[in-house]
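# Understanding the architecture of this molecule
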Amino acid sequence: MVKRTRFDGEDCPVARSVDAVGDWWSLLIVRDAFDGSRRFGEFQRSLGIAKNILSARLKGLVEQGILDSDYALTEKGEALFPVIVALRQWGESYAFESGEPHSELLDSRHHKPLKAIEIHAADGRRVTAADTEVRKLTDGSERG
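The present account deals with the structure reproduced in this document. (Residues numbered from 1 in each chain as written. Predicted model: local features only at pLDDT ≥ 70, side-chain atom pairs only at ≥ 80, totals over all residues. Heavy atoms only, no water.)

## Some thoughts on the overall build of the protein
For clarity, the threshold we go by: The helix and strand labels rest on DSSP assignments: H or I over at least four residues marks a helix, E over at least two residues marks a strand, and numbering proceeds from the N terminus. Whether two residues touch is decided by their heavy atoms; if any such pair falls within 4.5 Å, the residues are in contact. Methods summary: accessible areas were calculated by the Shrake-Rupley approach with a probe of 1.4 Å, and residue burial reflects only the protein chains presented. The positive count covers Lys and Arg only, the negative count covers Asp and Glu only, and His and the chain ends enter neither. Charge positions are represented by NZ for Lys, CZ for Arg, CG for Asp and CD for Glu.
What the protein contains, in helices and strands, is 6 helices and 0 strands. Reading the protein from its N end, one meets helices and strands in the order α-α-α-α-α-α. On the principal axes, the C-alpha backbone points of the protein span a range of 45 × 40 × 30 Å. Put simply, 38% of the contacts in the protein that link residues at least 6 apart link residues at least 24 apart. Looking at the protein as shown, the accessible area adds up to about 11,000 Å², and 53% of this sits on carbon and sulfur atoms. Positive and negative side-chain charges of the protein, numbering 21 and 24 respectively, have mean locations separated by a distance of 3 Å.

## Structural notes on the pattern of salt bridges
For clarity, the cut-off: The working definition used for a salt bridge is a side-chain nitrogen of Lys or Arg within 4 Å of a carboxyl oxygen of Asp or Glu.
In total, this model carries 6 salt bridges according to the counting rule given. One salt bridge connects D23 with R57, and the closest N-O pair in it is separated by 2.5 Å. Here D23 is found in the loop between α1 (13-21) and α2 (24-34), whereas its partner R57 is found in helix α4 (residues 51-63), with 34 residues between them in sequence. We note a salt bridge from D123 to R125, for which the minimum N-O separation is 3.1 Å.

## Concerning α1
Test applied: Buried residues are those whose accessible area, probed at 1.4 Å on protein chains only, stays under 20% of the maximum for their type, while exposed residues exceed 50% and partly exposed ones sit between those limits.
Within the span of α1, buried status applies to A15, D19, A20 and V21. Packed against the buried residues of α1 are α2 and α4. Trailing α1 by a residue or two, G22 shows a phi angle of about 100°, which is positive.

## Some remarks on the packing of aromatic side chains
Operational definition: Two rings from Phe, Tyr or Trp (for Trp, the six-membered ring) form a pair when their centres are within 6.5 Å of each other. A pair whose planes differ by under 30 degrees is stacked, one over 60 is edge-to-face, and the rest are tilted.
Under the defined criterion, the tally for this structure stands at 3 aromatic pairs. On the basis of an interplanar angle of 80° and a centroid distance of 6.3 Å, the ring pair of F43 and Y71 is categorised as edge-to-face. Pair noted here: F43 is in helix α3 (residues 40-47) and Y71 is in the loop between α4 and α5 (75-78), with a separation of 28 residues, a long-range link. Exposure remark for Y71: the relative accessible area of 22% places this residue in the partly exposed category.

The structure is reproduced here in structure tokens:
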């Protein structure tokens, strides 16, 4: 068995986030939890995942505090909603050929697709990767 590389000691928030969520199965479990799945069998039927792998992923998500013991999203899990939406929107734009059928996420009040996620600076202007920089914090008190 290949040993899993851990990133929980890294100083990079992206690495720690990937370590917490784990892998594609975990993200798909979180997606299904947003869609209302709560039971082991519901996740298993939706994903077609082997029971031992599903059990391990659910256990990890509970240990990370992303799901509670009833497999409902916690506050920490609910905070992954923008991540799931961003992946979905990226997939809608880049993972399908023109005209290829796929699902889309709609606003349940108006039944319209969501506006694309944008990143904004503190002053409200839209920013891209080219407009950002990474700064290492030594004790967390250096935020501006």
